[in-house]
Amino acid sequence: MPEAEIQRERFGDDPETTFRQNLLQLESRIAAACARANRPRSAIQLLPVTKTVPASIVRVAVGLGLHCLGENKVQEAAAKSDALSDLEVRWAVIGHLQTNKAKQLVTFASEFHALDSLRVAEALHRHLVSAGRQIDVFIQVNTSNEASKYGLPPNEVEAFARRLPEFPTLKPQGLMTLAVLTGEADRVRACFRSLRGLRDQLRLSMPTSGLDQLSMGMTGDFEMAIEEGADVVRVGQAIFGRRPTKDGHYWPGLIPSSGSSEQA
Ligand SMILES: *Cc1c(COP(=O)(O)O)cnc(C)c1O
């Protein structure tokens, strides 16, 4: 099938109208979650996630006022950043990073939400120094204790955070997590609570760490995340429609099994 037809099948004839309607619905769900949690809407940043959405369609979304975009894979993000270089977009890389992709990330990204090793911190810092840039970072925490998830175990986060000042081009913003993938709401909520508890603890033990924000919640669970204190929700499918299942390897944060390749 030609590319244009594939796009029409997924995004319809009028993606602009579809996205606008999706955003309205999403906003009302965010507002309802804020009301339940007694939090102002302005306390929550929506980070639209455009992975698997082609650059030509991302352009439509930018036209609707979405100027800060999240991407899971560095190469895909870099290609879109090139294709849309005429637009004002702030790019956030939200997926696991291999050290050999740090150089590429530094060329376009303003935020990185999946910092979970000193090796990656070192690689990013080195390239950022050369480029004369800084980026905002979130430490990814494995709150579900699943071996298949990236992120630091909660009990290693403080020691890691204490090393971050060695990399002054990395500006710590907060903690990020992916909740367990399950329909069991209690277990999902427990992940978000755990991240918030860790943040609250760090506020006491490291009051100047900068690790204040919680990046948590996606299409399937952002309402619960907002109720549990999310500052940034990373939402793709609720805005851009379902990702085709063949893109299952795009599932966020999962360490690829031997069958799937090319993780960013
Ligand atoms: C894809 C992705 C999201 C968004 O998931 P949706 O189901 O599209 O809302 C959030 N966070 C990360 C790390 C992702 O890779």
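The structure displayed is predicted, hence computed values, not measured ones.

This brings us to the pattern of salt bridges. Side chains bearing opposite charge may pair, as long as their charged atoms lie close to each other. Overall, the coordinates contain 21 salt bridges when judged by the stated rule. Here R36 ties to E227 by a salt bridge, and the two come within 2.7 Å at their closest N and O atoms. Pair noted here: R36 is in helix α2 (residues 15-37) and E227 is in helix α9 (residues 222-227), with a separation of 191 residues, a long-range link. Residue classification places E227 among the partly exposed residues on the basis of a relative accessible area of 22%.

So, about the side chain of D116. Structurally, the position occupied by D116 is in the loop between β4 (109-115) and α6 (118-131). Despite being buried, D116 has no salt bridge partner; R119 is the closest side chain of opposite charge, sitting 9.0 Å away. Polar side-chain contacts of D116 include one of 3.1 Å to the backbone nitrogen of G151. Residues contacting D116, with those up to four places away along its chain left out, are H96, Q140, Y150, G151, L152 and F160.

On to the site of the ligand. Neighbouring residues of the ligand: 14 residues in total, closest K51, N72, T219, Q237 and R243. At a separation of 2.6 Å, an oxygen atom of the ligand approaches a polar side-chain atom of N72. The separation between a nitrogen atom of the ligand and a polar side-chain atom of R234 is 2.9 Å. About the coverage of the ligand: the protein hides 99% of its 380 Å² of free accessible area.

The next subject is the packing of aromatic side chains. Here the structure, examined in full by the defined rule, presents two aromatic pairs. Taking 6.1 Å as the distance between ring centres and 85 degrees as the angle between the ring planes, the aromatic pair formed by F11 and F19 counts as edge-to-face. Both residues of the pair, F11 and F19, count as buried. The rings of F11, F19 and F240 are connected pair by pair, giving a single aromatic cluster.

Quick look at the nonpolar core now. It is characteristic of soluble globular proteins that their nonpolar side chains tend to be buried jointly. If you look at the biggest cluster of nonpolar residues, it comprises 72 residues, and the most contacted ones within it are F112, L115, L124 and L175. Residues in contact with L175, not counting those within four places in the same chain, are F138, I139, V141, V157, L195, L198, R199, L202, L211, Q213, L214 and S215. By size, the runner-up hydrophobic cluster in this structure holds eight residues, among which are L47, V49, F138 and M176.

Non-glycine residue N38 carries a positive phi angle of around 55 degrees. Even without being a glycine, N145 presents a positive backbone phi close to 60 degrees. Tracing the backbone shows N145 in the loop between β5 (135-140) and α7 (157-163). Judged by its relative accessible area of 71%, N145 is exposed.

Tracing the backbone through its elements, the reader meets R20 in helix α2. Taking the C-alpha atoms as reference points, R20 and F240, separated by 220 residues in sequence, lie 9.9 Å from one another.

With that settled, the discussion passes to helix α3 (residues 55-63). An α-helical turn contains 3.6 residues, so any two residues separated by three or four positions project in the same direction. For α3, the complete set of buried residues consists of A55, I57, V58, A61 and V62. One side of α3 carries all its buried residues, which in axial view fall inside an arc of 155 degrees. Buried-residue contacts for α3 involve α1 (3-11), α2, β2 (68-71), α4 (74-83), β3 (90-93) and α10 (237-240). Looking at the residues trailing α3, positive phi occurs at G65, about 100 degrees.

On the secondary structure map, Q7 appears in helix α1. Leaving out residues up to four positions away in the same chain, Q7 has contacts with G12, P54, S56 and I57.

The next thing to look at is the packing of α2 against α3. Interhelical geometry of α2 versus α3 gives an angle of 55 degrees and a closest axis separation of 10 Å. Classed by the angle they form, the pair α2 and α3 counts as oblique. Crossing angle aside, the handedness with which α2 passes α3 is right-handed. Contacts from P15, E16 and F19 in α2 reach I57, V60 and A61 in α3. For the contact of α2 with α3, the class distribution of residues is five nonpolar, no polar and one charged.

Thresholds, definitions, all that
Residues numbered from 1 in each chain as written. Predicted model: local features only at pLDDT ≥ 70, side-chain atom pairs only at ≥ 80, totals over all residues. Heavy atoms only, no water. Salt bridge = Lys/Arg side-chain N within 4 Å of Asp/Glu carboxyl O. Helix = DSSP H or I, 4+ residues; strand = E, 2+ residues; numbered from the N terminus. Buried < 20%, exposed > 50% of the residue type's maximum accessible area, 1.4 Å probe, protein only. Lys, Arg positive; Asp, Glu negative; His and termini not counted. Polar contact = N/O pair within 3.5 Å; in protein donor to acceptor, adjacent residues only side chain to side chain. Contact = heavy atoms within 4.5 Å. Near = heavy atom within 4 Å. Areas by Shrake-Rupley, 256 points an atom, 1.4 Å probe, with all protein chains shown as cover. Phe/Tyr/Trp six-rings, centres within 6.5 Å; stacked < 30°, edge-to-face > 60°. Core = buried A, V, L, I, M, F, W, Y, C linked by side-chain atoms within 4.5 Å. Arc of directions from axis to C-beta. Axes fitted to C-alpha atoms, helices over the stretch in contact; angles between N-to-C directions. Parallel < 35°, antiparallel > 145°, perpendicular 65-115°, else oblique. Left-handed = near helix turned anticlockwise from the far one by under 90°. Nonpolar A, V, L, I, M, F, W, Y, C, P; charged D, E, K, R; others polar.

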